[in-house]
2 protein chains.
Amino acid sequence: MSSATLKKYYEGAEKILVAIDCIIFGFDKETLKLLLFKRKIAPFAGEWSLIGSFVQSGESVPEAAQRVLEESTGLNNVYLEEMGSYSDLQRDPGSRVISIAHYALIRLDEHKQQLVETHQARWFPYDDLPDLILDHQEMTQNALAKLRRKARYQPIGFELLPEKFTLPQLQLLYQAIYQKKLDRRNFRKKILSMKILEKLDEKDKTNSRKGAFLYRFDEKKYQELERKGMNFEL
Amino acid sequence: MSSATLKKYYEGAEKILVAIDCIIFGFDKETLKLLLFKRKIAPFAGEWSLIGSFVQSGESVPEAAQRVLEESTGLNNVYLEEMGSYSDLQRDPGSRVISIAHYALIRLDEHKQQLVETHQARWFPYDDLPDLILDHQEMTQNALAKLRRKARYQPIGFELLPEKFTLPQLQLLYQAIYQKKLDRRNFRKKILSMKILEKLDEKDKTNSRKGAFLYRFDEKKYQELERKGMNFEL
DNA sequence: CCAAAAGTGTTATCGCTACACCCATGA
DNA sequence: TCATGGGTGTAGCGATAACACTTTTGG
């Protein structure tokens, strides 16, 4: 094939605007929350929106997503996963844009509150979201569905908790994700039987007089067990 | 915001070539196979490749994927799912292209053999693939991983079998997907206990003198049971 | 009648569920 | 001392895994 034909092949195709959008999950006491932003540009300026950005010519899709997350939360080592593309021709009245949605799990206590204010952002309980622009509502629903499926078989819940957490906290998190109550004894038995938590000597007394022991997720031990065929399931 | 600013916002961003690629799975007797194509254009003309295409300005991503599948197999009602984006800056030496990979499950007996020949395509056993161009090797690995995870909890295996199939066939399929032997009695017990298969009066005698009863997947019954909270697991 | 694949039941074990009481502590 | 949340054990049940023999029939 001549280089003229090659040129024609690639140049004959049409370039398209590509964006990424981020569904940012946080967990607060007993509630799953989303970080939403007041959109600054038309159309729909002033309305609530996921945070997003166009993919620049010098960056890959994951790089764009990480950039956006860092700009909006100040965090750069967060759990971030691609969720799927949204490409309806009419999805954005401003222009034809293909968006690749991502969801992120962040620790509410670690993100920079100041950046949230700078961006006119707000944390909303998942069950009480405002109307969102474009197809962002659909994206959030798909994100929660994906989070639910994934959390059952992979230890990603810990990404939403502080580094040190109590078992009651962990249980509340899973109850929020699954939207159902779990039995305390059975929950403890199961999670502890996996031997992927390190029990610390400290107690957290913010929620009770007795205090609850703090634990830490042991990533190394988990990966070791996973290699040996153990599989996480909650 | 003025419309001049709006214009700048959308026009300030850079458009990018967007493609889709398809990992096409088939199942033949006891082997999982992939449909691969001899690439017709430079760079890498003549080498083996997944089938793909640029996303046109008048179509969405799923539409592009369906178009490509129909062009290459003649089938238009196949199981097709998006798998993720591939966007490394250097992934395609011909140009900067973001590709959104999809995997498809098709019935080997239904696709148009003639189209396969037209496209200089060939079915390869998954365990014996030729070298593939670009990042297509990585895509196929990710596709199999995804198929494995998904097949365990959703009845998608049937998409790879003829409409009527025998239990030994179904078992061979799952053995090929999981790459491990399953116990015949336990396998039957489990799949039959779900009550999502309709037993027919016909037998398939191609593999034995005695013949094996044919079954059909009952989509309606499955959806009904799923609504009631039953969950498929194999 | 025999080779080759299809079909069938039982038992032991494991994991899950359901469930109620004691413990530690600060106010 | 008491109210509050944290922590623990067990028994019954259902699901899974392991395992071997009989049936059918074309050649």
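Let me sum up the structure you'll find in this document. Here the structure is a predicted model, which is why all the values come from computation and not from measurement.

Calculation notes
- Residues numbered from 1 in each chain as written.
- Chains lettered and ligands numbered in written order.
- Predicted model: local features only at pLDDT ≥ 70, side-chain atom pairs only at ≥ 80, totals over all residues.
- Heavy atoms only, no water.
- Near = heavy atom within 4 Å.
- Polar contact = N/O pair within 3.5 Å; in protein donor to acceptor, adjacent residues only side chain to side chain.
- Helix = DSSP H or I, 4+ residues; strand = E, 2+ residues; numbered from the N terminus.
- Nonpolar A, V, L, I, M, F, W, Y, C, P; charged D, E, K, R; others polar.
- Expected span 1.5 Å × (residues − 1).
- Buried < 20%, exposed > 50% of the residue type's maximum accessible area, 1.4 Å probe, protein only.
- Least-squares fit on C-alpha atoms with pLDDT ≥ 70 in both.
- Contact = heavy atoms within 4.5 Å.
- Salt bridge = Lys/Arg side-chain N within 4 Å of Asp/Glu carboxyl O.
- Phe/Tyr/Trp six-rings, centres within 6.5 Å; stacked < 30°, edge-to-face > 60°.
- Lys NZ or Arg CZ within 6 Å of the ring centre and 35° of its normal.
- Buried area = accessible area lost by both parts, 1.4 Å probe.
- Patch = residues over 30% accessible without salt bridge, like charges linked within 9 Å, V, L, I, M, F, W, Y side chains within 5 Å.
- Areas by Shrake-Rupley, 256 points an atom, 1.4 Å probe, with all protein chains shown as cover.
- Lys, Arg positive; Asp, Glu negative; His and termini not counted.
- Charge placed at Lys NZ, Arg CZ, Asp CG, Glu CD.

## Points about the protein's contact with DNA strand D
Lining the immediate environment of DNA strand D, one finds 20 residues, of which Arg184, Arg188, Lys189 and Lys210 of chain A together with Arg209 of chain B sit closest. Near-protein atoms of DNA strand D (within 4 Å) split between backbone and bases, with sugar and phosphate holding 38%. For DNA strand D, a base oxygen lies 2.8 Å from a polar atom in the side chain of Lys189 of chain A. In the model, a base oxygen of DNA strand D is placed 3.0 Å from a nitrogen or oxygen of the Lys210 of chain B side chain. Secondary structure elements with two or more residues in the surface near DNA strand D: helix H6 (184–193) and strand S10 (212–217) of chain A together with helix H6 (184–193) of chain B. Among the elements that make up the surface near DNA strand D, the one with the highest residue count is H6 of chain B (5 residues). For the surface near DNA strand D, the residue count by class is 3 nonpolar, 4 polar and 13 charged.

## What to know about helix H4 (residues 136–153) of chain B
Under the 1.5 Å per step criterion, the end-to-end length of H4 of chain B is 26 Å for 18 residues, consistent within 8% with the ideal 26 Å. Regarding H4 of chain B, the residues found buried are His136, Met139, Thr140, Ala143, Leu144, Lys146, Leu147, Lys150 and Ala151 of chain B.

## Considerations on the relation of the copies chain A and chain B
When chain A is fitted to chain B, the best match, at an RMSD of 0.0 Å, comes from turning it 180 degrees and sliding it 0.0 Å along the axis. Both chain copies can therefore be described as sitting about a two-fold axis. Of the residues that chain A buries at the interface, 100% are likewise interface residues in chain B, meaning the two copies contact each other through the same surface.

## Examining the pattern of salt bridges
Overall, the coordinates contain 22 salt bridges over all chains when judged by the stated rule. In this structure, Arg216 of chain A engages Glu198 of chain A in a salt bridge whose closest nitrogen and oxygen atoms are separated by 3.3 Å. A residue pair is termed long-range when its members are at least 10 positions apart, and Arg216 of chain A in strand S10 and Glu198 of chain A in strand S9 (residues 197–204) qualify at 18 residues. On the accessibility criterion, Arg216 of chain A (25% relative accessible area) is partly exposed. Between Lys150 of chain B and Glu81 of chain B there is a salt bridge, and its shortest N-O distance comes to 3.2 Å. A residue pair is termed long-range when its members are at least 10 positions apart, and Lys150 of chain B in helix H4 and Glu81 of chain B in strand S5 (residues 79–86) qualify at 69 residues. Overlapping salt bridges, with partners in common, bring together Asp21, Arg91 and Asp135 of chain A in one network.

## Regarding the packing of aromatic side chains
The geometry of an aromatic ring pair is captured by the separation of the ring centres together with the interplanar angle, meaning the angle of the planes. Under the criterion given, the structure shown has 23 aromatic pairs over all chains. With a centroid separation of 6.2 Å and an interplanar angle of 50 degrees, the aromatic rings of Tyr174 of chain B and Phe187 of chain B are classed as tilted. Residue Tyr174 of chain B is located in helix H5 (residues 167–178), and its partner Phe187 of chain B is located in helix H6; the two are separated by 13 residues in the primary sequence. Judged on exposure class, the residue Tyr174 of chain B and its partner Phe187 of chain B are both buried. Ring pairs connect the aromatic residues Phe158, Phe165, Phe217 and Tyr222 of chain A, which therefore count as one cluster. The cationic tip of Lys199 of chain A hangs over the ring face of Phe213 of chain A; the distance from NZ or CZ to the ring centre is 4.2 Å.

## Remarks on the side chain of Asp135 of chain A
All names here are of chain A. Structurally, the position occupied by Asp135 is in the loop between strand S7 (121–125) and helix H4 (136–153). Judged by relative accessible area, which is 11%, Asp135 ranks as buried. Residue contacts for Asp135: discarding those within four places in its chain leaves Tyr86 and Arg91.

## A few points about the protein's contact with DNA strand C
As a matter of local geometry, DNA strand C sits amid 20 residues, with Arg185 and Asn186 of chain A together with Arg184, Arg185 and Arg188 of chain B nearest to it. Counting only atoms of DNA strand C within 4 Å of the protein, the sugar-phosphate share comes to 40%. Contact distances for DNA strand C include 3.4 Å between a base nitrogen and a side-chain N or O atom of Asp183 of chain A. Contact between DNA strand C and Phe213 of chain B: a phosphate oxygen at 3.0 Å from a main-chain N or O atom of the residue. Those elements giving two or more residues to the surface near DNA strand C turn out to be H6 of chain A together with H6 and strand S10 (212–217) of chain B. The element contributing the most residues to the surface near DNA strand C is H6 of chain A, with 5 residues. Among the residues forming the surface near DNA strand C, the class breakdown is 3 nonpolar, 4 polar and 13 charged.

## Details of the interface of chain A and chain B
By convention, interface size is frequently given as the accessible area that disappears when the constituent parts associate. Between chain A and chain B, the contact holds 39 residues from the first and 39 residues from the second. Here chain A meets chain B over a buried area of about 3,400 Å², counting both sides, of which 62% is carbon and sulfur. Our enumeration of links across chain A and chain B arrives at 0 salt bridges. Counting every contact that joins chain A to chain B gives 15 residue pairs in polar contact (both at pLDDT 80 or more). Listing elements by their share of the side of chain A that touches chain B, those giving two or more residues are helix H1 (3–12), strand S1 (15–28), helix H2 (61–73), strand S5 (79–86), strand S6 (97–105) and H4 of chain A. Per element, the largest residue contribution to the side of chain A that touches chain B is 4 residues, and it comes from S1 of chain A. Tallied by class, residues from the side of chain A that touches chain B come to 20 nonpolar, 9 polar and 10 charged.

## Some points on unusual backbone geometry
Residues and elements named next belong to chain A. Cis geometry marks the peptide bond from Ala42 to Pro43, where omega comes out at -10 degrees. Tracing the sequence through the fold places Pro43 in the loop between strand S2 (31–38) and strand S3 (48–49). Phi is positive for Lys195, close to 60 degrees, though the residue is something other than glycine. Here Lys195 shows up in the loop between H6 and S9. On the basis of relative accessible area, Lys195 is assigned to the exposed category, the value being 58%.

## Notes on a positive patch on the surface
All names here are of chain A. Taken together, the side chains of Arg184, Arg188, Lys199, Lys203, Lys205 and Lys210 present a region of like positive charge at the surface. Put simply, the parts of the chain that give the positive patch at least two residues each are H6 and S9. With respect to the secondary-structure elements, Arg188 resides in helix H6. Arg188 gets classed as partly exposed once you look at its relative accessible area, which sits at 34%.

None of the figures reported here should be taken as evidence of function without further support.
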